[in-house]
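Structural overview
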Amino acid sequence: MPIGPEHVGRSYPSTAPYRVSRAKIIEFASALGDDNPAYEQHEGPLTAPPTFAAVIAASAWGAMFDDPDLGLSLQRTVHADQRFDVERLMHEGDDVTATLTITKVRNRGATDMVTIQVHLATVQGEPLCTATSTLLNNRQVAE
Amino acid sequence: MSAVAVAVGDELPELVLTITRAGIVHYAGASTDFNPIHWSDRKARELGLPGVLAHGMWTMGACLRIVTDWCGSPSAVLDYSARFTHPVQVPDDDQGVRVFVTARVTELVGDIATVAVDARVDAVQPEESGTGNSAARVKVLGNAKAHVRITSDVGAVSSQNAGGAL
């Protein structure tokens with residue numbers, strides 16, 4: 001059985017805490033070519049770029065792709081759209097967990113359009129960001 | 001920086017990004033997204049793609065700089081969304097591909113501005129395109145927009161806001 005609307009609402013256990021590090025913020029901002037002072041060496045904790053949330057959110061995708069009920073494959077998946085709703089930007093030193101929920105599923109021919117929301121929060125429970133993605137999964141043809 | 005006076009229709013200063021194979025590798029490491037379509041022409045072609053593509057999240061993340069350079073603080077960004085409408089194919093050369101980013105304020109409600117972001121690449125391969133012209137460019141992000149909180153001290157908050165919620 002492929003993924004279908006009946007899987008909307010399915011959620012997976014939160015990921016293990018991810019410690020946001022000074023070095024990773026600097027590396028990520030540099031890879032974006034973004035020299036905003038918030039991301040660069042200064043005294044006090046650095047702020048992570050808004051789209052850094054995608055890095056931690058993606059760490060929650062594995063549980064869904066490994067779910068044998070859904071028949072999804074990361075190799076056959078295209079990222080169609082992305083949204084970030086920011087509560088507060090992550091800072092150096094935050095310990096962040098990611099919790100994925102399937103929020104919408106549409107089947108169009110051999111393509112499954114799957115919308116997921118990944119809630120990022122500190123281990124203390126402070127909400128940080130909701131990363132919403134639509135993924136297009138192409139089912140294997142031989143069915 | 002002084003207060004930012006914002007009006008609907010304001011155009012943000014244009015941004016031109018360049019992405020090379022080296023830049024893709026840099027982003028792959030920084031983001032830990034090691035999908036082979038971002039480093040192997042062979043793997044990309046096996047999946048029916050023309051060749052190595054930049055990460056969509058690189059494009060989305062790098063383009064946001066047009067907004068944060070303008071408002072000063074990334075903490076002013078309340079939300080940011082985009083569709084990945086056209087892949088950014090990056091040839092194995094030293095020039096890479098330029099991404100032309102423009103943005104304008106499309107709505108202002110209270111102190112919240114909606115900023116629409118437009119990102120395009122030359123439709124033809126870079127070695128054939130010369131300087132390119134806008135008619136030959138294709139959009140790589142669809143309906144990209146951010147909502148930004150405009151404050152009188154925006155531009156000065158980035159380092160001071162580090163400990164608190166927005």
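Before going further, it helps to spend a moment on the overall build of chain B. The helix and strand tally for chain B stands at five helices and six strands. Secondary structure elements of chain B, listed N to C terminal, follow the sequence β-α-α-α-α-β-β-β-α-β-β. In chain B, which comprises 166 residues, the share counted as buried stands at 37%. Within chain B, contacts between residues separated by at least 24 positions form 69% of all contacts whose residues are at least 6 apart in sequence.

Bringing the overall build of chain A into the picture now. On a plain count of helices and strands, chain A comes out with three helices and five strands. From first element to last, N terminus to C terminus, chain A shows the α and β order β-α-α-α-β-β-β-β. Each principal axis of the C-alpha atoms in chain A carries an extent, and together these give about 60 × 30 × 20 Å. Taken over 143 residues, chain A has a buried fraction of 39%.

Given 3.6 residues per helical turn, the α-helix brings residues three or four places apart onto the same face. Within helix H3 (residues 56–63) of chain B, eight of the eight residues are buried, leaving the element largely enclosed by the surrounding structure. Taken residue by residue, H3 of chain B has Gly56, Met57, Trp58, Thr59, Met60, Gly61, Ala62 and Cys63 of chain B as its buried positions.

Turning to the packing of helix H1 (residues 22–32) of chain A against helix H1 (residues 21–31) of chain B, a few remarks are in order. Where H1 of chain A meets H1 of chain B, the closest approach of the two axes is 9 Å, and the angle between their N-to-C directions is 150°. Between H1 of chain A and H1 of chain B, the angle is such that the two are roughly antiparallel. The way H1 of chain A lies across H1 of chain B gives a crossing that is left-handed. For the pair H1 of chain A and H1 of chain B, contact is made by Glu27, Phe28 and Ala31 of chain A and by His26, Tyr27, Ala30 and Ser31 of chain B, respectively. For the contact of H1 of chain A with H1 of chain B, a count of residues per class yields four nonpolar, two polar and one charged.

Right, let's get into the interface of chain B and chain A. Of the residues lining the interface, 32 residues belong to chain B; the matching set on chain A comes to 31 residues. Contributions of two or more residues to the side of chain B that touches chain A are made by H1, H3, helix H4 (65–71) and strand E2 (77–84) of chain B. It is E2 of chain B that provides the largest number of residues to the side of chain B that touches chain A, a total of eight residues. For the side of chain B that touches chain A, the class distribution of residues is 17 nonpolar, eleven polar and four charged. Summarising the sheet, strand E2 (residues 77–86) of chain A and E2 of chain B pair through five bridges and their orientation is antiparallel.

This part covers unusual backbone geometry. Residues and elements named next belong to chain B. In this model, Thr32 sits at a positive phi of 60°, which is unusual for a non-glycine residue. With respect to the helices and strands, Thr32 occurs in the loop between H1 and helix H2 (41–46). Phi at Asn143 is positive, roughly 50°, even though this residue is not glycine. Inspection of the secondary structure puts Asn143 in strand E6 (residues 141–149).

This part covers the pairing of strand E4 (residues 112–122) of chain B. All names here are of chain B. By the bridge criterion, nine bridges tie strand E3 (residues 97–109) to E4 in an arrangement that is antiparallel. Bridge pairing links Leu108 to Ala113 in E4. Remark: two residues form the turn of the hairpin made by E3 and E4, two consecutive strands paired antiparallel; Gly110 in that turn has positive phi of roughly 60°. Of the strand pairs in this sheet, E4 and E6 are connected by six bridges, and their pairing is antiparallel. Among the inter-strand pairings, Thr114 is bridged to a residue of E6, identified as His147. In terms of strand pairing, E4 meets strand E5 (residues 137–139) through three bridges, oriented antiparallel. By the bridge assignment for E5, Asp122 is matched with Arg137.

By size, the foremost hydrophobic cluster in this structure holds 81 residues, and its most contacted members are Ala57 and Leu120 of chain A together with Cys63, Val67 and Val117 of chain B. Counting residues per element, this core draws most heavily on helix H2 (residues 53–58) of chain A, which supplies six residues. In this structure Val117 of chain B touches Cys63, Ile66, Val67, Val101, Ala103, Leu141, Ala144, Lys145 and Ala146 of chain B, once residues within four positions along its chain are discounted.

Moving on, we come to the pairing of strand E1 (residues 15–19) of chain B. Residues and elements named next belong to chain B. Alternating positions in E1 separate cleanly, Leu15, Leu17 and Ile19 being buried on one face and Val16 and Thr18 remaining unburied on the opposite face. With five bridges joining them, E1 and E3 adopt antiparallel strand pairing. Bridge pairing links Val16 to Phe100 in E3.

Among the residues of H1 of chain A, those classed as buried are Ile25, Phe28, Ala29, Ala31 and Leu32 of chain A. The buried residues of H1 of chain A occupy an angular sector of 160° when projected down its axis, which confines them to one face. Against the buried residues of H1 of chain A lie H1, H3 and H4 of chain B. Phi turns positive one or two residues past the end of H1 of chain A, at Gly33 of chain A, with a value near 70°.

Reading guide: rules and limits
- Residues numbered from 1 in each chain as written.
- Chains lettered and ligands numbered in written order.
- Predicted model: local features only at pLDDT ≥ 70, side-chain atom pairs only at ≥ 80, totals over all residues.
- Helix = DSSP H or I, 4+ residues; strand = E, 2+ residues; numbered from the N terminus.
- Buried ≥ 20, exposed ≤ 12 C-beta atoms within 10 Å, placed from the backbone.
- Contact = placed C-beta atoms within 7 Å.
- Axes fitted to C-alpha atoms, helices over the stretch in contact; angles between N-to-C directions.
- Parallel < 35°, antiparallel > 145°, perpendicular 65-115°, else oblique.
- Left-handed = near helix turned anticlockwise from the far one by under 90°.
- Nonpolar A, V, L, I, M, F, W, Y, C, P; charged D, E, K, R; others polar.
- Pairing = 2+ DSSP bridges.
- Core = buried A, V, L, I, M, F, W, Y, C linked by C-beta atoms within 7 Å.
- Arc of directions from axis to C-beta.

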